[in-house]
Amino acid sequence: MSDTEQSKPEKRGMNRRTFLKVLGGGTAALAVGVVIGGPTIVREARLRINQAFLSGDAPTSPPPESPFVWIEIGADNQAYLYIPKVELGQGIHTTLAQIAADEMELDWQQVTARQADTERGFDPQLIFTFGSTSVTSLYAPIREIGATLREMLRVEGARQFGLDVAAVRVGNSAVFVVEDEQRRLTYGEIIAAKQGEWVLPTTQAALKPSSEFRYIGQSVQRVDLRDKVTGRAMYGYDVRLDGMLYGAVARPPQYGATLKRAAAGDAESQPGVFAVVIQDGFAGVVAESRRKARAALEHLDLEWEGGTTITQPEIEAIVSVPREGGTLIQRDGDVDGAGGRRVEAAYRVPMAIHAQMEPQAAAAHVQGDRAMIFCSTQAPGLTRERIAAAIALDEQAIHVVPTMVGGGFGRKTGVDVGVEAALLSQAAGVPVHVGWTREEDTRYGYRRPPAANFLWATVSDAGEVLAIHHEIASSDILLNPQVGSAFLGTVLGTDPLAAYGGLIHYAIPNRRVVYHHCPIPVPTAYWRGLGSFPNTFAIESFIDELAEATSSDALDFRLRYLPEGELGERFSTVLNAVADASGWHERDSLPAGRGLGFASAYDRGTVVGVVAEVSVTDANIRVERVWCAVDPGLVVNPDGAAAQVQGSIVWGVGSALIEEQVIANGMSTSQNFDGYPLLTIAQTPEITVLPISSGDTPVGGLGEPVVGAVPPAIANALAAITGRRFRRMPFRL
Amino acid sequence: MQLSINGRAYEVDAEPDEPLLWVLRDALGLTGTKYGCGLGICGSCTVHLDGVATRSCVTPVSTIEGRAITTIEGLAQLVDDVEVLHPVQQAFIDEQVPQCAWCMSGQMMTAAAFIETNAAPTDEEINVAMGANYCRCGCYTRIKVAVARAAELARERGEA
């Protein structure tokens, strides 16, 4: 295989000085950590930065200081891949292991995927597992590292055989002699026999051609399921440390309320109480059981002050599109001068919670000048940063172990429960576990920001769309100071994550998008899909309304205004695929009370087409079937991709039909699943997923892009059935 | 008090009204049974009491002394020191059902009890049997397929 002998110049940004770390010679394990640099943020004009965010080409963080991909191969030939992303259920440990194993020519039976933590393979920004970016951001770097390791092993293997490099080949975690395949050295044997230092090649080894992929593109089974079906997988809520006690924390009656006065009261004398911890703005109890800790909270002497008394109508008044102002985030042509007949509509998406099945959980053991944290977190770097600030230790002194996460969806940033466990452990001097109740999780997390969208377009007498204008109003996501950066807002003038999915990609000659930041005194932040959820709902509903206003078929309309070039071709393939699979063209033959709705999405590189079949009987809306075609560029694991899409559809149907969090007197009215029901198996539509690979590289994610296209497909089906537009979620007849 | 869990006797010191869930998880370290809501709504905490699927978060521990408790840790069997998965566990892997899997112990315990009573369930019967177990990752379509597959596997094993 001569292709692997070729080399090419070193890639931009690859920092080789810190590339290789070899575990002490005697241990016979090759461990490689890699640093890959990226372009640093260049401060450009506001509009350009926003467009970079919105187009998915986000400015990357400055190059990390520590290796972020860590691979160990021991003498037993087992390869341990420390996966630099957190397993939330999306299958990322499997997917990234597939990529590494393919390029390294590993025997899949000898691959063990492990979670990277602050000691191995950690980069505080990169490990933040959100935004459906794991595969796109790591596909090339992991392959480059894998190719380099593979070539190092091949060269060393040839040397140990006393042969030319061209006389050996690699495969199944071993180096073979081409002329005599009985002669082989496993990677582990090569490493064990290696004399002296490993030296990194100065050039990047060539990557495998895609025609030789063994694992990439295959539905490899998930690596985490055996532990999950036997109950052995360890989540944040499951962590048990020697001598561990349980913590509970006092919560305010209203959002934003702070402790005016706090005293122990008679909490210390309550049964099982080990310590009462009262610090600046914080009151908690450590006890021998969760129950006793929570019971003792009632005996604290607390007085709260401040806080909001806001109610739902007030929130909706704040989060609305004003007459003027806002930040321009897209401008093509001259919208105001385009002329034509005006069509307009306004849409609204309420707040919703994540309702991830595992509530917030962390265990902490703070011992003097160091701390150990086990946390169910998507953001171990942020968790560490906030804990360091809270307990006044250096970040380097805090070891964070991300556990298996029982559902993330944006909620698990670790900044609340991780800090609480650390504060309690530090004060009490014992290991402490804090696990939130469902009531705490329902009320005291942050939630999906409420959003209001307003669109208008102008149409010529001939039925051409001349201009489109979109205004987005939303509360915080990235600008939530607890989990993001309020400072960024002052740089960008927008919340870039709330504006995701808000640009108009349709080839309408004149386009303008304006964003309005509408902060509310109720915490809002990351929620599956980010801004693409409300924005896709608004745009794709409006496109359906425009199609109707111009007497066009909803599919034909979209095809007519496809973006130019490769993106347009990808759209055309996806939209036609979902139309054909769903019987879109034969929809007139559906019985009365049934209809199809079409929607698409372009979110962070992924092209989506969705058709929903909906039935309406009496007062009941039922989503019967959903078809989804999705093209993220290259699908690494088709079955895993299908699972993400199926989950996204269930998520989207739940939001479209059921979910809404309501605020009264500054607090969520729902406390648990009795007041916030989720979609059940019986309400789940039949789902057909069509994963499409349009290229040889992943260009978009799969965890979120589909979510936003589901509600508009349902709304558009409802419009087809009832003749009425459904512009506010959840939909009510 | 004494509890019989997965065929083993445990001496437990717990308040009588302590829910079984927390005795399992925090007192005994059997953390495979999950907490979801504490109200018996979501089903994450489902275990078997004498073979019947039961929500452990609303089951006071004092009410079940002497009854046979099975948790997810006891669903597979050891045969000659080899772990043989229950048909439901095997089917949930075969169909690649779980995502985050926090709800899955409860889903599988519910399904395992169900296929004991219905060896060849229809989709509708599965919807009813599994209808009160939430899965936020949205694995429902696969759960449906896997429960039917588990029933089939159990029949095959019974015939073997």
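Residues numbered from 1 in each chain as written. Chains lettered and ligands numbered in written order. Predicted model: local features only at pLDDT ≥ 70, side-chain atom pairs only at ≥ 80, totals over all residues. Heavy atoms only, no water.

Residues and elements named next belong to chain A. With mixed pairing, five strands are arranged side by side in an open sheet as 15-23-22-21-16. Taken across any chain shown, the strands that pair with only one partner, and hence form the sheet edges, are strand 15 (327-332) and strand 16 (341-349). Between one strand axis and the next, the sheet turns through 10° on average, direction left out of account. Looking at chain direction, strand 16 and strand 21 (residues 451-459) are connected through nine bridges and run antiparallel. When the bridges of strand 21 are listed, Arg342 appears paired with Thr458. Here helix 12 (residues 532-549) sits on the sheet and contacts strand 16, strand 21 and strand 22 (465-474); the angle it forms with strand 16, its principal contact strand, is near 150°. (Pairing = 2+ DSSP bridges. Helix = DSSP H or I, 4+ residues; strand = E, 2+ residues; numbered from the N terminus. Axes fitted to C-alpha atoms, helices over the stretch in contact; angles between N-to-C directions. Contact = heavy atoms within 4.5 Å.)

A word on the environment of Gln115(A). Residues and elements named next belong to chain A. With respect to the helices and strands, Gln115 occurs in strand 5 (residues 111-115). Separated by 29 residues in sequence, Gln115 and Val86 have C-alpha atoms that sit 6.8 Å apart. The residues contacting Gln115, other than those within four sequence positions of it, are Tyr82, Ile83, Lys85, Val86, Glu87, His93, Ile127 and Pro402. Within polar-contact distance, the side chain of Gln115 engages the backbone oxygen of Ile83 at 3.5 Å. Polar contacts involving the side chain of Gln115 include one to the side chain of His93, which spans 2.9 Å. (Polar contact = N/O pair within 3.5 Å; in protein donor to acceptor, adjacent residues only side chain to side chain.)

Each regular strand carries side chains that alternate between the two faces of the sheet. All names here are of chain A. Across the eight residues of strand 23 (residues 510-517), seven count as buried, placing the element largely inside the fold. Sheet topology places strand 15 next to strand 23; five bridges connect them, and they run antiparallel. Paired with Leu328 across the two strands is Val514, which belongs to strand 23. Looking at chain direction, strand 22 and strand 23 are connected through eight bridges and run parallel. Each residue of the ladder has a partner; that of Ile468, found in strand 23, is Arg511. (Buried < 20%, exposed > 50% of the residue type's maximum accessible area, 1.4 Å probe, protein only.)

In this section: the packing of helix 2 (residues 92-104) of chain A against helix 3 (residues 134-161) of chain A. Residues and elements named next belong to chain A. Two numbers describe how helix 2 lies on helix 3: the axes approach to 7 Å, and their chain directions differ by 30°. The interaxial crossing formed by helix 2 with helix 3 has right-handed handedness. Where helix 2 abuts helix 3, its residues Ile92, Thr95, Leu96, Ile99, Ala100, Glu103 and Met104 lie against Ser134, Val135, Leu138, Tyr139, Ile142, Arg143, Gly146, Ala147, Leu149 and Arg150. Here the residues of the contact of helix 2 with helix 3 are counted per class, giving eleven nonpolar, three polar and three charged. (Left-handed = near helix turned anticlockwise from the far one by under 90°. Nonpolar A, V, L, I, M, F, W, Y, C, P; charged D, E, K, R; others polar.)

Residues and elements named next belong to chain B. According to the domain assignment, chain B contains domain 1 (2-74) and domain 2 (77-157). The straight-line distance from the C-alpha centre of domain 1 to that of domain 2 is 20 Å. With both chains or domains summed, domain 1 and domain 2 bury close to 1200 Å², and 59% of this area falls on carbon and sulfur atoms. Looking at the side of domain 1 facing domain 2, the largest losses of area belong to Lys34, His48 and Ile72, adding up to 36% of the total buried there. Here domain 1 is connected to domain 2 by seven residue pairs in polar contact (both at pLDDT 80 or more). Secondary-structure elements contributing two or more residues to the side of domain 1 that touches domain 2 are strand 3 (46-49) and strand 4 (52-55). No other element matches the three residues that strand 3 contributes to the side of domain 1 that touches domain 2. Its residues placed into classes, the side of domain 1 that touches domain 2 shows six nonpolar, eight polar and three charged. (Domains from an automatic or database assignment. Buried area = accessible area lost by both parts, 1.4 Å probe.)

Now for the pairing of strand 6 (residues 168-171) of chain A. All names here are of chain A. As paired strands, strand 6 and strand 7 (residues 174-177) are joined by four bridges and run antiparallel to one another. Looking at strand 7, one finds that Arg169 is bridged to Phe176. Counting the residues that bridge the hairpin from strand 6 to strand 7 gives two residues, and of these Asn172 lies at a positive phi of roughly 50°.

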